[in-house]
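Secondary and tertiary structure notes
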Amino acid sequence: MTTMSRDIRRIVVALDDSAESRSVLEEAVALAAGMKAELAGLFVEDATLLNAAQLSFIRQVSLSGQTVEAMDSTSLERSLRGQAETIRAALQRAAGRHNLVWSFRVARGKASVQILEAVAEADLVIMGKTTPAVTRYHRIGKTARIVASAPRGRILFSEPRLRKVLGETGPITVAYGQGPTGDHVLDMAVALARVSASPLVILFPSDTPDDGDGIRKAAEERLIREGIKARFRNCGERGAAALVHAMSAQRGSLLVIAQDSPLLGENTVADLIEALDSPVLVVAAGA
Amino acid sequence: MPVTPLPADKLRACCDLSGLAFETTDDLAGGEEVLGQERAFEAIEFGIGIDHRGYNIFVLGPTGAGRHRYVRRLLDARAADESKPSDWCYIHNFDEPRRPKALELPTGMGRTLRTDMTQLIEDLRAGIPAIFEAEEYRNRRHAIEQEFRERQEAIFEGIQEKAGQRNIALIRTPTGLALAPVRDDEVIEPQEFQKLPEDERKKIESDIEELQQELQQRLQDVPKWDKERRERVRDLNKETTRGAVACQIMALRAKYMEFGKVVRYFDAVEKDIINNSARLFLETEQDGPTNPLIAALQHQDHDGPRRPELQFRRYEINLLVDNGDDGNGPGAPVYHEDHPALPNLIGRAEHQAELGALLTDFTLLRAGALHRANGGYLILDARKLLMQPYAWEELKRTLFAREIKIEAPFQAYVSTITLEPEPIPLKVKVVLIGDRQLYYMLAALDPEFEELFKIAADFEDDLERNEETVARYAGMVAALARKLEVAPLDRSAVARVIDYSSREAGDSEKLSARVGTVSDLLFEASHVARNEGRAVMTGADVKRAIDLRIRRSDRIRERGLEQIHRGTILIDTDGTRVGTINGLSVLQIGGFAFGRPTRITARVRMGRGEFVDVEREVELGGPTHSKGVLILSSYLGARYAVDRPLSLRASLVFEQSYGGIDGDSASSTELYAILSALSGVPIRQDLAVTGSVNQYGEVQAIGGVNEKIEGFFDVCKERGLTGNQGVLIPESNAKHLMLRDDVVEAAESGKFTIYPIATIDDGIEVLTGEIAGERGDGGAFPEGSINARVEARLIELADARRRFGMSGEGGALQ
C-alpha cells in the first residue's frame, strides 16, 4: 500500500437517478473497497428545476412526447425524494457487499457548486462525465465542465457510457510532468495500479530531449522508492488530441493528470475529458 | 401282519459318487450352473426367438432356482449375435421449446454429433465477438448510432436554439423535459418573473407554449427512429453473424448430409444463431462492468469459476442413449433394471432450481431402462416392478404403444410448464422374473397381462435324483465353487452337499433345484474350512456349516424342548394312556422349519355322532384340519356298528396349543386317540404319530416328515433313548426320509424306530400292542380285538341312546 492510497480515506460519489449513475456507483464502490476508504453518496436536488416548478405556466413533456402535464413543486419534490431513496438503497446494497463504511447526503442547489463543496470534505470525488442532460450524447455534461474548470482536489470523471466490449483491462496511464503536482499525480496512479493490479504507463512530454530525460528520470526515482515498475512512453506533442492518441495506443483504462499538466498544451482539462473515451482523474495543484 | 420298522439305510439316501473319478471339484470341469430346468429353458428360447408383439416372457419359479443367471446367460448369448441399436439424442426444438425433438443416429454417431456441436459453439463464441469487434462492424454500427444521435440531437438543438433566442432554456425533469424562462443562464425565480411587465410575461408564456408544442410534436418521432435504429442494428448483426456461421454450418451439413433430420436441425441452428447472435454471444460481455478499472477490481474479489452460461444450452446435444461406447461390447443391449421405479423405467426430466423456480429443458432429459434396452432385452423383477407406483401401468402402456414417452406422473394434471419430448420408437423384449403366485395373480386379475406376456417359463423346484442327475449335480457344485471362488470340495463334501439338497427338497428321491441355497452352503462351508486351515472343503466342513446354520436359527426350537423337559408342556415319552397320543407338527420360522410333539387327547360320551373339534370351536383350527376331523366321523360311522346310528359325542383337543393349527396331518393321530378312548385300550406314549387318513382308514402322506421325526427324537434323546421310542409315519412318506445323522445312528443301534404305516389297523396295533382285528365270516371282529372293543362300545352307546330316547328325555340330549 502506498502513501497515497493510505491518504484516500473518504470518497464522495455524486449520484443521480440515471443508468449511467449506477455505473459510477459501481466504480466508486470498487475503488473504496480497494483503498479501504469510506464512501459517501451525494445527491443534489437541482435548484433550477425547483425554481421552474414554481412557475405555474410551465409544463413538462414526456420523453415520448405523448403527454404534457403541469409541473408542480409538490410532485417534483416527491419525485426527487423518491430518486434520493432509490439511490440511497443502491448505495447501501453495493457498500454492503464489500462491507464498506458508507453515508448518504441530499443537498439542494446547483450540482456543480455542491460537488465542488464536497471536494473540501473528501480525499477523492467521483462523478460522471455526463449528468442527466437534454441531449444524451454530449461527451461532457455542463456540470462536469464547470467542475473540471475549477482547480480543486482530486476528481475522477467517470465514463459511464463506456462499455467494455472486448479486450483485457488496460493499464493505468498517467500524464506526468515534473513538480509537486506531478508527483501527486504519479502517487495517485501508483495507488490505482496497485489496487486494480493493472500495469502502469507513464506519458511524458519531450519537447526537448533533455526535458524528456529529466522528467523520466525523476519519475523512475520515485517509482523505485515505491517498488513498482512502469512503461514510459513519449507523448510526442502536447494537447488533448495527443493525449487521446497516446491513450488509444496504450489501450489505457484510465488517465491520471494534473489540473495544470504541461501535457495539456493549449487545451483545458474539460477539453481533454470531452475528447477522451476513458475515465479521467484530475489532480489539482496542492491536492 | 405286523408292521416292519424301516431299516436304518432307508432313513436317508446316501450319495454314492463312486462312478465319478475326482479328488476335488477342481477335477470336475465344465459343470452346468443350473439343473433340471429344461422346460423353462425351452420356453425362454422359444420366447426370445419369436419376434412379434406380445411375446415377452414371464419367468416364474422359486427364488434361488437360478432364474436371473440363466435368463441373463441366454439373453447375452442371443444378443451377441444381434446388431447394436441406434444412438438416440434429444435436441432443442427451436419452434416449440416445450417439445424437444428426438434424433436417431447410427451407432456411435450421437457422440460425434455432440462433439461437433460443442466445437461449433466454442468456435462461434470466439469467432462472433471477434467479428463484432472488427473495425468494419464497429464503423457500420457507429454510423447507424451516429445517424440516430444526429437526428435526435437535431431536435433538441433546433428547439434549444429557438428557445435560446427567446431567453428560454430546455431543462430535464425527473419524468421528461420542460421549457423555462432564463436570465443570465439561470431559470428566473417566480418572484422576479412576477415583477416583469405583463406584456413580457405573456410573451414568454406564449413563446414557451409554442416551443412546447413543437417539442412535443418532434419528440413523437423519436420512438419511431429508435425502432428503426434497432431494426437496422439487428439487420447488421444478422448480416455480420451470417458470414461467421454459414461456412461452419456448411461443413457440418456436408458431413451429415445423409441424415435429413440432422441437416434440418443445422438449418434451425443457423437461423437461431443469426437471429440471436447479439443477445447470445455478446450479452455477457456487454453486461459486464462498464469500466476496465472496475473489471480489474472486481476480478480480484471473485476468483471462482464463472456461472455456467445457460443461453448456449439450446445448442447442446443431449445424447440420451450412446450405444457407440456403452462398455457392453458388441451386440444388442441386455439391460437389467434393479430399481424399476417409473422414472428409472421410462426416463425423466430433471429440474434445476433457478431463482426459486424449478426449471427444465431438453438437456435435462434422462434415459430410462427402456431407452437403454431399446433394440435388445430388458430384465425386470416383477415384484419390484409391481411395488413401484405407476410403473406397471406405464410399462404396459409403453409396450402397447411401442414408443417411449418421457412423462412425469400427474403431468397431465399439473399446470406448471413442463416438457413433452417427442416419443422414441420402442422395440424391446421384456423378461419379467417373479414367483408363481405373482404370475397367477396377474394372469387372473389383469386382462392385459396375457396379451403382453405370452410366454411363461416355469422353473422347477426340484429334479429327479438318480445316478445321472447326481453326477451332473456334482458338476454343478464344482462349477459353482469355481464361480463363487470358494475352496474346492472333496468327494465327501460334494456328497454331503447333494444329500443336503435332497433334504432341502424334502425327498430322498429328489434334488433341490434352488442353486441359491447350495451357493450359500458353499460360502459357509468354505468359511468353516478356511477357519480350520483347510484349503479343500470336506464333508465335515459341510456338515458343520449345516449344523451352524441350524444352531443360528433354532432358539425357538430349543425353548420348546426346554419347556417339555421341565414339564411345562406335558409330553410323555414312556408309559401308556387311554385317549392320549403324541401328535407331531411342524413350525416354520423364517427360513427354518422344525418339528415338535403335541399331546392330542380324545374323550367320548353318548351323543348324536358329533365330533367336537375344540380347535375349530375356538377358531384356532383351519379348514383343512376341520376336514380331517369330519373324515374321522365318516370312518367310524362306516366301519363300526353300521346298522346303528353313531351315538357318541367325541371331543378332540390339541393340548397346550395356543396358536393356529391347520392341515390334516394329525387326522390319523386323532383317530387313534378316539379308538383308544372308545376301546379303553391305552396307547404307548413312547411313540409319536403323523399322517392323514381317508374314509377307508388308509394312512396318507403328509409334509415335513423329516422335521416331525427329528422333533420327537430330540425330546426322547433329551430324556434318554430307551430303545422303545419311535415315530409312526405314513408308508408313502418313507421315500421322503432324509433324516439327520444322529437319528439314523439311533435307528441303526436299535434305540429309535420308524414305523411305516399303511392303514389305521396297522397303526393301532403298533400303538397298543393289541390286534386290530378283521371282520370274520360272520361279520364280527375277533373277540378282544381293538376293533371289536370299539364296535361294542359304539353299540353300547347306541343302545343307551335308544333307551334314553324311549324314556322321553332324548330331546334334552345334546
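Our next topic: the overall build of chain A. When you go through chain A residue by residue, the secondary structure sums to 10 helices and 12 strands. Within the span of chain A, comprising 287 residues, buried residues form 54% of the whole. A fraction of 76% describes how many contacts in chain A between residues 6 or more apart in sequence connect residues 24 or more apart. Working note: accessible area of chain A is about 12,100 Å², and carbon and sulfur atoms make up 48% of it.

Time to look at the overall build of chain B. Each helix and strand in chain B was counted, giving 27 helices and 30 strands. Counting over 814 residues, chain B shows a buried share of 49%. For chain B, long-range pairs separated by at least 24 residues make up 77% of all intrachain contacts whose partners lie at least 6 apart in sequence. When the accessible surface of chain B is summed, it comes to about 38,700 Å², and 48% of that surface belongs to carbon and sulfur atoms.

This brings us to the environment of lysine 751 of chain B. All names here are of chain B. Tracing the backbone shows lysine 751 in the loop between helix H25 (741–748) and strand E30 (753–757). In sequence terms lysine 751 and threonine 722 are 29 residues apart; their C-alpha atoms lie 6.3 Å from each other. Setting aside anything within four residues of it in sequence, one finds lysine 751 in contact with Leu721, Gly723, Gln725 and Ala746.

Residues and elements named next belong to chain B. Tallied over the entire structure, the rule returns 87 salt bridges over all chains. Among the ionic pairs, glutamate 562 bridges to arginine 566, the shortest N-O distance being 3.6 Å. With a relative accessible area of 33%, glutamate 562 lands in the partly exposed category. When its relative accessible area of 62% is taken as the criterion, arginine 566 is described as exposed. One salt bridge connects arginine 775 with glutamate 791, and the closest N-O pair in it is separated by 2.7 Å. Residue arginine 775 is located in the loop between helix H26 (760–768) and helix H27 (786–806), and its partner glutamate 791 is located in helix H27; the two are separated by 16 residues in the primary sequence. A residue is classified by how much of its surface remains accessible, and arginine 775, at 34% relative accessible area, is partly exposed.

Residue and element names in this part refer to chain B. Evaluated as defined, the whole model comprises 1 cavity of 30 Å³ or more. The wall of the largest cavity is formed by Ile144, Glu147, Phe148, Arg151, Trp225, Glu228, Arg229 and Arg232. Of all elements in the fold, only helix H4 (135–165) and helix H7 (221–255) reach the threshold of two or more residues within the lining of the largest cavity. The class makeup of the residues in the lining of the largest cavity is 3 nonpolar, no polar and 5 charged.

Residues and elements named next belong to chain A. In spatial order, the strands read E5-E2-E1-E6-E7-E12-E11-E8-E9-E10; together these 10 strands make up an open sheet with mixed pairing. Of all strands in the sheet, those with a lone pairing partner are strand E5 (102–109) and strand E10 (231–234), marking the two edges. The sheet shows a mean angle of 20° between the axes of neighbouring strands, taken without regard to direction. By the bridge criterion, 4 bridges tie strand E6 (residues 124–128) to strand E7 (residues 154–158) in an arrangement that is parallel. Looking at E7, one finds that isoleucine 126 is bridged to leucine 156. Taken strand by strand, helix H2 (residues 19–35) contacts strand E1 (10–15), strand E2 (38–46), E6 and E7, and its axis lies near 175° from that of E1.

This part covers the pairing of E6 of chain A. Residue and element names in this part refer to chain A. Most of E6 sits out of view: 5 of its 5 residues are buried. Going residue by residue along E6, you find Leu124, Ile126 and Gly128 tucked away on one face and Val125 and Met127 tucked away on the opposite face as well. Here 3 bridges tie E1 to E6, and the two strands are oriented parallel to one another. The residue of E6 that forms the bridge with valine 13 is isoleucine 126.

We now examine H7 of chain B. Residues and elements named next belong to chain B. Its 35 residues give H7 an end-to-end C-alpha distance of 50 Å, which sits within 8% of 51 Å, the value for a rise of 1.5 Å per residue. Residue arginine 242 marks the point of greatest curvature in H7, where the axis turns by about 35°. For H7, every residue scored as buried is listed here: Val222, Trp225, Arg229, Val233, Leu236, Asn237, Thr240, Thr241, Ala244, Val245, Ile249 and Leu252.

Residues and elements named next belong to chain B. For the structure shown, the criterion picks out 20 aromatic pairs over all chains. When the ring of phenylalanine 713 is compared with that of phenylalanine 752, the centres are 5.0 Å apart and the planes differ by 85°; the resulting orientation is edge-to-face. One end of the pair, phenylalanine 713, is in helix H24 (residues 705–719); the other, phenylalanine 752, is in the loop between H25 and E30, with 39 residues separating them in the sequence. With relative accessibility at 1%, the residue phenylalanine 713 sits in the buried group. Of the residues examined, phenylalanine 752 reaches a relative accessible area of 2% and is grouped as buried. Lying across the ring of phenylalanine 148, arginine 229 places its NZ or CZ 5.3 Å from the centre. Above the plane of the ring of tyrosine 55 lies lysine 454, whose end atom (NZ or CZ) is 5.9 Å from the centre.

Here the focus is unusual backbone geometry. All names here are of chain B. Residue asparagine 167 is not a glycine yet carries a positive backbone phi of 55°. Mapping asparagine 167 onto the fold places it in the loop between H4 and strand E4 (168–173). Backbone geometry at alanine 641 places phi at a positive 45°, although glycine is not the residue there. Positionally, alanine 641 belongs in the loop between helix H22 (623–639) and strand E24 (648–654). Under the relative-accessibility criterion, alanine 641 is labelled buried at 5%.

Residue and element names in this part refer to chain B. Looking at the secondary structure, you find serine 502 in helix H17 (residues 491–505). Classification of serine 502 by relative accessible area gives buried; the value is 0%. Contact partners of serine 502, with chain neighbours within four places excluded, come to Arg465, Asp507, Ser508, Lys510, Leu511 and Met738.

What follows is about the sheet that holds strand E29 (residues 726–730) of chain B. Residue and element names in this part refer to chain B. Pairing is mixed in the open sheet, where 7 strands are placed in the order E23-E24-E22-E21-E26-E29-E30. Across the chains shown, the open sheet's two edge strands, defined by having one partner strand only, are strand E23 (610–613) and E30. For this sheet the average axis-to-axis angle between neighbouring strands, irrespective of direction, equals 30°. In this structure, strand E21 (residues 580–589) lies alongside strand E22 (residues 592–606), joined through 10 bridges in antiparallel fashion. Paired with valine 586 across the two strands is glycine 595, which belongs to E22.

We now examine the confidence of the model for chain B. Residues and elements named next belong to chain B. With 94% of its residues at a pLDDT of 70 or more, chain B shows a mean pLDDT of 88. Considering only residues more than four positions removed or in separate chains, one finds that residues 284–308, a stretch of pLDDT under 50, has 49 contacts. Long-range and interchain partners of residues 810–814, a stretch whose pLDDT sits below 50, account for 11 contacts in this model, where long-range means more than four residues apart. With pTM at 0.67, the complex prediction returns an ipTM value of 0.77.

Here we take up the confidence of the model for chain A. All names here are of chain A. Across chain A, the average pLDDT comes to 83, with 87% of residues at or above 70. Low pLDDT, under 50, characterises residues 1–6; the predicted model gives this stretch 14 contacts beyond four residues in sequence or across chains. Residue range residues 162–168 is modelled with pLDDT below 50. Its contacts to residues more than four positions away, or to other chains, number 15 contacts.

Moving on: the packing of H4 of chain B against helix H6 (residues 198–219) of chain B. All names here are of chain B. Relative orientation of the contacting elements H4 and H6 amounts to 175°, with a least axis distance of 10 Å. Taken together, the axis directions place H4 and H6 in an arrangement best described as roughly antiparallel. Mapping the contact onto sequence places Ala154, Ile155, Phe156, Ile159, Lys162 and Ala163 in H4 and Leu211, Glu214, Leu215, Arg218 and Leu219 in H6. Taken together, the residues of the contact of H4 with H6 break down into 8 nonpolar, no polar and 3 charged.

Reading guide: rules and limits
- Residues numbered from 1 in each chain as written.
- Chains lettered and ligands numbered in written order.
- Predicted model: local features only at pLDDT ≥ 70, side-chain atom pairs only at ≥ 80, totals over all residues.
- Heavy atoms only, no water.
- Helix = DSSP H or I, 4+ residues; strand = E, 2+ residues; numbered from the N terminus.
- Buried < 20%, exposed > 50% of the residue type's maximum accessible area, 1.4 Å probe, protein only.
- Contact = heavy atoms within 4.5 Å.
- Areas by Shrake-Rupley, 256 points an atom, 1.4 Å probe, with all protein chains shown as cover.
- Salt bridge = Lys/Arg side-chain N within 4 Å of Asp/Glu carboxyl O.
- 1 Å grid on protein atoms, 1.4 Å probe; cavity = no way out; pocket = protein on both sides within 12 Å on 5 of 7 lines; lining within 4 Å.
- Points joined across faces, edges and corners; volume = space filled by probe spheres on them.
- Nonpolar A, V, L, I, M, F, W, Y, C, P; charged D, E, K, R; others polar.
- Pairing = 2+ DSSP bridges.
- Axes fitted to C-alpha atoms, helices over the stretch in contact; angles between N-to-C directions.
- Expected span 1.5 Å × (residues − 1).
- Bend = angle between axes of the 7 residues up to and from the residue.
- Phe/Tyr/Trp six-rings, centres within 6.5 Å; stacked < 30°, edge-to-face > 60°.
- Lys NZ or Arg CZ within 6 Å of the ring centre and 35° of its normal.
- pLDDT = per-residue confidence, 0-100.
- Parallel < 35°, antiparallel > 145°, perpendicular 65-115°, else oblique.

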